[in-house]
Amino acid sequence: MVTNDDGIWAEGLRVLIEKLSSVCDVYVMAPEENRSAVSNLFSMSRPLRLKKVGEREYSCSGSPADCVIVATRSNLFGVSFDAVVSGINRGANLGTDIVYSGTAAAARQAVLYKYPGIAVSLESEDGSFNFAPLAEFVAKNLETLISLSSDELFVSLNAYSSDNYNEAVFTSLCERNYNDTVSIVDGDDGFKYGSICGGELVSSGGEDFPAVKAGKISISLIRASPTAEKKDVPPAFVFP
(Lines give C-alpha, C1' and ligand atoms only; values in the text may rest on other atoms or scores of the structure.)
Protein backbone atom coordinates (compact mmCIF):
# COMPACT_ATOMS: atom_id res chain seq x y z
CA MET A 1 0.00 0.00 0.00
CA VAL A 2 1.42 3.38 -1.02
CA THR A 3 0.52 6.79 0.38
CA ASN A 4 2.09 10.22 0.98
CA ASP A 5 1.37 13.64 2.45
CA ASP A 6 1.93 15.77 -0.67
CA GLY A 7 -1.30 14.61 -2.30
CA ILE A 8 -2.51 11.99 -4.75
CA TRP A 9 -1.05 13.70 -7.83
CA ALA A 10 2.33 14.63 -6.35
CA GLU A 11 5.26 13.73 -8.60
CA GLY A 12 7.12 11.84 -5.88
CA LEU A 13 4.15 9.53 -5.32
CA ARG A 14 3.58 8.93 -9.04
CA VAL A 15 7.23 8.02 -9.62
CA LEU A 16 7.26 5.72 -6.57
CA ILE A 17 4.12 3.94 -7.84
CA GLU A 18 5.72 3.44 -11.25
CA LYS A 19 8.93 1.94 -9.87
CA LEU A 20 7.25 -0.25 -7.25
CA SER A 21 4.81 -1.59 -9.84
CA SER A 22 7.72 -3.35 -11.52
CA VAL A 23 8.31 -5.54 -8.44
CA CYS A 24 4.95 -5.85 -6.67
CA ASP A 25 1.21 -5.16 -6.78
CA VAL A 26 0.66 -1.57 -5.70
CA TYR A 27 -2.49 -0.20 -4.05
CA VAL A 28 -2.78 3.53 -3.48
CA MET A 29 -4.66 5.57 -0.88
CA ALA A 30 -3.36 9.14 -0.67
CA PRO A 31 -4.71 12.52 0.46
CA GLU A 32 -6.76 14.38 -2.17
CA GLU A 33 -4.56 17.43 -1.62
CA ASN A 34 -1.43 18.46 0.25
CA ARG A 35 -1.46 17.37 3.89
CA SER A 36 2.13 18.17 4.85
CA ALA A 37 3.14 18.61 8.50
CA VAL A 38 -0.12 17.18 9.90
CA SER A 39 1.77 14.56 11.92
CA ASN A 40 -0.46 11.65 13.08
CA LEU A 41 -3.71 13.58 12.75
CA PHE A 42 -6.69 11.34 12.07
CA SER A 43 -10.37 12.08 11.59
CA MET A 44 -12.88 11.22 14.32
CA SER A 45 -15.81 13.60 13.84
CA ARG A 46 -16.52 13.41 10.10
CA PRO A 47 -16.69 10.76 7.38
CA LEU A 48 -13.84 10.57 4.91
CA ARG A 49 -14.53 11.23 1.23
CA LEU A 50 -12.96 8.57 -1.00
CA LYS A 51 -12.69 8.86 -4.77
CA LYS A 52 -11.47 6.20 -7.17
CA VAL A 53 -8.89 7.88 -9.41
CA GLY A 54 -7.36 4.85 -11.12
CA GLU A 55 -7.03 1.11 -11.03
CA ARG A 56 -6.40 0.22 -7.36
CA GLU A 57 -6.06 3.93 -6.53
CA TYR A 58 -8.16 6.14 -4.27
CA SER A 59 -7.86 9.67 -3.00
CA CYS A 60 -8.96 10.47 0.54
CA SER A 61 -10.14 13.74 2.08
CA GLY A 62 -8.22 12.98 5.26
CA SER A 63 -4.63 12.80 6.47
CA PRO A 64 -1.87 10.31 5.66
CA ALA A 65 -2.69 8.42 8.86
CA ASP A 66 -6.35 8.33 7.78
CA CYS A 67 -5.26 6.81 4.48
CA VAL A 68 -3.43 3.99 6.25
CA ILE A 69 -6.34 3.37 8.60
CA VAL A 70 -8.93 3.22 5.81
CA ALA A 71 -6.79 1.06 3.53
CA THR A 72 -5.80 -1.47 6.19
CA ARG A 73 -8.94 -1.59 8.36
CA SER A 74 -11.58 -1.78 5.61
CA ASN A 75 -12.32 -4.19 2.77
CA LEU A 76 -12.04 -1.45 0.14
CA PHE A 77 -9.13 -3.15 -1.66
CA GLY A 78 -9.97 -6.69 -0.62
CA VAL A 79 -6.36 -7.67 0.02
CA SER A 80 -3.95 -8.01 2.93
CA PHE A 81 -0.93 -5.75 2.57
CA ASP A 82 2.68 -6.78 3.01
CA ALA A 83 3.86 -3.25 3.82
CA VAL A 84 3.04 0.46 3.69
CA VAL A 85 5.40 2.77 1.78
CA SER A 86 4.93 6.52 2.24
CA GLY A 87 6.44 9.12 -0.12
CA ILE A 88 8.41 10.14 -1.91
CA ASN A 89 8.13 13.38 0.03
CA ARG A 90 9.18 16.63 -1.59
CA GLY A 91 11.67 17.73 1.05
CA ALA A 92 13.67 16.01 3.77
CA ASN A 93 12.25 14.52 6.95
CA LEU A 94 15.35 14.54 9.11
CA GLY A 95 15.72 14.53 12.87
CA THR A 96 12.91 16.31 14.65
CA ASP A 97 11.04 16.75 11.34
CA ILE A 98 9.78 13.23 12.13
CA VAL A 99 7.53 14.68 14.84
CA TYR A 100 5.57 16.81 12.37
CA SER A 101 5.85 14.85 9.13
CA GLY A 102 2.72 13.38 7.60
CA THR A 103 4.97 11.17 5.48
CA ALA A 104 6.54 9.66 8.59
CA ALA A 105 3.16 9.47 10.32
CA ALA A 106 1.81 7.12 7.65
CA ALA A 107 4.72 4.74 8.21
CA ARG A 108 4.27 5.09 11.98
CA GLN A 109 0.55 4.30 11.73
CA ALA A 110 1.36 1.21 9.67
CA VAL A 111 3.66 -0.11 12.40
CA LEU A 112 1.09 0.66 15.09
CA TYR A 113 -1.25 -1.59 13.05
CA LYS A 114 1.46 -4.27 12.75
CA TYR A 115 2.39 -3.63 9.12
CA PRO A 116 5.96 -2.82 8.07
CA GLY A 117 6.21 0.93 7.50
CA ILE A 118 8.66 2.77 5.25
CA ALA A 119 8.85 6.56 4.83
CA VAL A 120 10.84 7.99 1.92
CA SER A 121 11.88 11.65 1.55
CA LEU A 122 14.01 13.60 -0.92
CA GLU A 123 15.79 16.92 -0.40
CA SER A 124 17.02 19.34 -3.06
CA GLU A 125 19.44 22.26 -2.90
CA ASP A 126 18.13 24.04 -6.00
CA GLY A 127 14.43 23.18 -5.91
CA SER A 128 14.60 20.52 -8.63
CA PHE A 129 13.76 16.94 -7.70
CA ASN A 130 14.83 13.77 -9.48
CA PHE A 131 12.66 11.20 -7.73
CA ALA A 132 13.44 8.23 -9.98
CA PRO A 133 16.83 7.10 -8.57
CA LEU A 134 15.57 6.98 -4.97
CA ALA A 135 12.34 5.27 -6.08
CA GLU A 136 14.42 2.67 -7.93
CA PHE A 137 16.49 2.09 -4.80
CA VAL A 138 13.31 1.45 -2.81
CA ALA A 139 11.94 -0.93 -5.45
CA LYS A 140 15.17 -2.91 -5.82
CA ASN A 141 15.61 -3.20 -2.04
CA LEU A 142 11.97 -3.48 -1.01
CA GLU A 143 12.25 -6.84 0.75
CA THR A 144 15.33 -5.70 2.67
CA LEU A 145 13.64 -2.45 3.73
CA ILE A 146 10.55 -4.37 4.84
CA SER A 147 12.75 -6.65 6.94
CA LEU A 148 14.17 -3.62 8.78
CA SER A 149 10.74 -2.62 10.04
CA SER A 150 9.20 -4.44 12.99
CA ASP A 151 6.32 -4.28 15.44
CA GLU A 152 8.14 -1.36 17.06
CA LEU A 153 10.17 0.35 14.32
CA PHE A 154 9.41 2.11 11.06
CA VAL A 155 12.05 2.91 8.46
CA SER A 156 12.83 6.48 7.38
CA LEU A 157 14.87 7.04 4.21
CA ASN A 158 16.30 10.43 3.27
CA ALA A 159 18.57 11.53 0.44
CA TYR A 160 19.51 14.54 -1.63
CA SER A 161 18.18 14.62 -5.18
CA SER A 162 20.79 12.92 -7.36
CA ASP A 163 21.18 10.94 -10.57
CA ASN A 164 22.61 7.99 -8.63
CA TYR A 165 23.51 6.73 -5.18
CA ASN A 166 26.44 4.56 -4.15
CA GLU A 167 25.98 4.12 -0.42
CA ALA A 168 23.25 3.74 2.18
CA VAL A 169 24.04 4.06 5.89
CA PHE A 170 22.19 3.65 9.18
CA THR A 171 21.92 6.94 11.02
CA SER A 172 20.85 8.51 14.27
CA LEU A 173 18.63 11.60 14.24
CA CYS A 174 19.76 15.20 14.28
CA GLU A 175 17.98 18.17 15.84
CA ARG A 176 16.32 20.62 13.45
CA ASN A 177 15.76 24.19 14.62
CA TYR A 178 13.76 26.30 12.19
CA ASN A 179 14.12 29.43 14.34
CA ASP A 180 10.43 30.14 13.98
CA THR A 181 8.95 33.55 14.60
CA VAL A 182 5.31 34.56 14.93
CA SER A 183 3.81 37.69 13.43
CA ILE A 184 0.66 38.98 15.18
CA VAL A 185 -1.72 41.31 13.37
CA ASP A 186 -5.12 42.74 14.23
CA GLY A 187 -7.95 41.68 11.96
CA ASP A 188 -10.89 43.83 10.90
CA ASP A 189 -13.20 41.33 12.61
CA GLY A 190 -11.81 42.04 16.08
CA PHE A 191 -9.67 38.92 16.25
CA LYS A 192 -5.89 38.80 16.34
CA TYR A 193 -4.16 36.58 13.78
CA GLY A 194 -0.81 34.88 14.22
CA SER A 195 1.33 33.69 11.33
CA ILE A 196 4.19 31.25 12.01
CA CYS A 197 7.23 32.02 9.87
CA GLY A 198 10.29 29.80 9.57
CA GLY A 199 13.71 31.39 9.93
CA GLU A 200 17.15 30.02 9.14
CA LEU A 201 17.20 26.23 9.48
CA VAL A 202 19.96 24.85 11.69
CA SER A 203 20.66 21.10 11.87
CA SER A 204 22.89 19.86 14.68
CA GLY A 205 24.03 16.57 16.15
CA GLY A 206 23.02 13.17 14.83
CA GLU A 207 24.14 11.38 11.71
CA ASP A 208 21.25 11.65 9.24
CA PHE A 209 21.86 15.22 8.07
CA PRO A 210 25.63 14.77 7.51
CA ALA A 211 24.98 11.51 5.63
CA VAL A 212 22.49 13.16 3.29
CA LYS A 213 24.79 16.14 2.74
CA ALA A 214 27.53 13.66 1.77
CA GLY A 215 25.32 12.20 -0.97
CA LYS A 216 24.41 9.01 0.88
CA ILE A 217 21.01 7.49 1.52
CA SER A 218 20.25 7.86 5.23
CA ILE A 219 18.29 5.03 6.83
CA SER A 220 16.93 5.67 10.32
CA LEU A 221 14.95 3.15 12.35
CA ILE A 222 12.32 5.08 14.32
CA ARG A 223 10.37 3.78 17.29
CA ALA A 224 6.66 4.09 16.50
CA SER A 225 5.33 4.16 20.06
CA PRO A 226 6.38 6.77 22.63
CA THR A 227 8.60 5.57 25.44
CA ALA A 228 8.74 6.88 28.99
CA GLU A 229 11.50 7.15 31.56
CA LYS A 230 10.60 5.72 34.95
CA LYS A 231 12.09 7.12 38.14
CA ASP A 232 12.86 4.64 40.90
CA VAL A 233 11.58 6.97 43.63
CA PRO A 234 8.89 9.57 42.89
CA PRO A 235 9.41 13.09 44.21
CA ALA A 236 7.59 14.28 47.29
CA PHE A 237 4.49 15.66 45.57
CA VAL A 238 2.20 18.01 47.46
CA PHE A 239 -1.52 17.30 47.10
CA PRO A 240 -4.30 19.76 47.90
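Here's what I pulled together on the structure shown here. From a predicted model like this one, the values you see are computed outputs, not experimental measurements.

With respect to the overall build of the chain
- Regarding its fold elements, the chain presents seven helices and 13 strands.
- Here the C-alpha radius of gyration of the chain, 19 Å, is about what a compact globule of 240 residues would show, namely 18 Å.
- Counting only C-alpha atoms and orienting by the principal axes, one finds that the chain spans roughly 60 × 45 × 45 Å.
- Taken over 240 residues, the chain has a buried fraction of 45%.
- For the chain, the share of sequence-separated contacts (at least 6 apart) that also reach a separation of at least 24 residues comes to 73%.
- For the chain, the exposed area adds up to about 13,100 Å²; of that, 50% sits on carbon and sulfur atoms.
- Taking the average place of the 20 positive charges on the side chains of the chain and the average place of its 31 negative ones, the gap between the two points comes to 5 Å.

Digging into the nonpolar core
- Of all hydrophobic cores here, the largest spans 29 residues; its most connected members are L20 and L157.
- Of all the elements in the fold, those that place two or more residues in this core are helix 1 (11-20), strand 2 (28-31), strand 5 (84-90), strand 6 (117-123), helix 5 (132-140), helix 6 (142-148), strand 7 (153-160) and strand 13 (217-223).
- Top contributing element to this core by residue count: helix 1, with five residues.
- With residues up to four places along the chain from it excluded, the contact list for L157 reads I118, A119, V120, S121, F137, V138, L145, I217, S218 and I219.
- Counting residues in hydrophobic clusters, the runner-up holds 15 residues, among them Y58, V84, A106 and A110.

Section: the packing of helix 2 (residues 64-73) against helix 4 (residues 102-112)
- Helix 4 packs onto helix 2 with a crossing angle of 30° between their chain directions and a minimal axis gap of 7 Å. Between helix 2 and helix 4, the interaxial angle falls into the category roughly parallel. As for how helix 2 packs across helix 4, the hand of that crossing is right-handed. Contacts from P64, A65, V68 and I69 of helix 2 reach helix 4 at G102, A106, Q109 and A110.
- Taken together, the residues of the contact of helix 2 with helix 4 sort by class into six nonpolar, two polar and no charged.

Quick word on a nonpolar patch on the surface
- A cluster of nonpolar side chains, V182, I184 and I196, forms an exposed patch at the surface whose accessible area comes to about 330 Å².
- Within the fold, I196 resides in strand 11 (residues 192-197).
- A relative accessible area of 68% places I196 in the exposed class.

Some remarks on the pattern of salt bridges
- Scanning the model with the defined rule gives ten salt bridges in all.
- Between R14 and E57 there is a salt bridge; the shortest N-O distance is 2.8 Å. Placement of R14 in helix 1 and of E57 in strand 4 (residues 57-60) is noted, with a sequence separation of 43 residues between them.
- The exposure class assigned to E57 is buried, which follows from its relative accessible area of 10%.
- The closest approach of N and O atoms between R35 and E33, which form a salt bridge, is 3.0 Å.
- Taking the relative accessible area as the measure of exposure, R35 reaches 16% and is therefore buried.

As for the side chain of S59
- In this fold, S59 is placed in strand 4.
- Of the residues examined, S59 reaches a relative accessible area of 4% and is grouped as buried.
- Beyond its immediate stretch of four places on either side in the chain, S59 contacts I8, M29, A30, E32, R49, L50, K51 and V53.

Here we look at unusual backbone geometry
- Residue G87 is joined to I88 through a cis peptide bond whose omega torsion reads -5°.
- Positionally, I88 belongs in strand 5.
- Even without a glycine there, the phi angle at R56 is positive, about 60°.
- Topologically, R56 is positioned in the loop between strand 3 (50-54) and strand 4.
- Taking relative accessible area as the criterion, R56 reaches 31% and is therefore assigned partly exposed.

Some points on the packing of helix 1 against helix 5
- Where helix 1 meets helix 5, the closest approach of the two axes is 9 Å, and the angle between their N-to-C directions is 40°. In terms of orientation, helix 1 lies oblique with respect to helix 5. The way helix 1 lies across helix 5 gives a crossing that is right-handed. Contacts between helix 1 and helix 5 pair V15, L16, K19 and L20 from the former with A132, A135, E136, V138 and A139 from the latter.
- Residue composition of the contact of helix 1 with helix 5, by class: seven nonpolar, no polar and two charged.

Definitions and limits used
Residues numbered from 1 in each chain as written. Predicted model: local features only at pLDDT ≥ 70, side-chain atom pairs only at ≥ 80, totals over all residues. Heavy atoms only, no water. Helix = DSSP H or I, 4+ residues; strand = E, 2+ residues; numbered from the N terminus. Rg over C-alpha atoms; globule rule 2.2 N^0.38 Å. Buried < 20%, exposed > 50% of the residue type's maximum accessible area, 1.4 Å probe, protein only. Contact = heavy atoms within 4.5 Å. Areas by Shrake-Rupley, 256 points an atom, 1.4 Å probe, with all protein chains shown as cover. Lys, Arg positive; Asp, Glu negative; His and termini not counted. Charge placed at Lys NZ, Arg CZ, Asp CG, Glu CD. Core = buried A, V, L, I, M, F, W, Y, C linked by side-chain atoms within 4.5 Å. Axes fitted to C-alpha atoms, helices over the stretch in contact; angles between N-to-C directions. Parallel < 35°, antiparallel > 145°, perpendicular 65-115°, else oblique. Left-handed = near helix turned anticlockwise from the far one by under 90°. Nonpolar A, V, L, I, M, F, W, Y, C, P; charged D, E, K, R; others polar. Patch = residues over 30% accessible without salt bridge, like charges linked within 9 Å, V, L, I, M, F, W, Y side chains within 5 Å. Salt bridge = Lys/Arg side-chain N within 4 Å of Asp/Glu carboxyl O.

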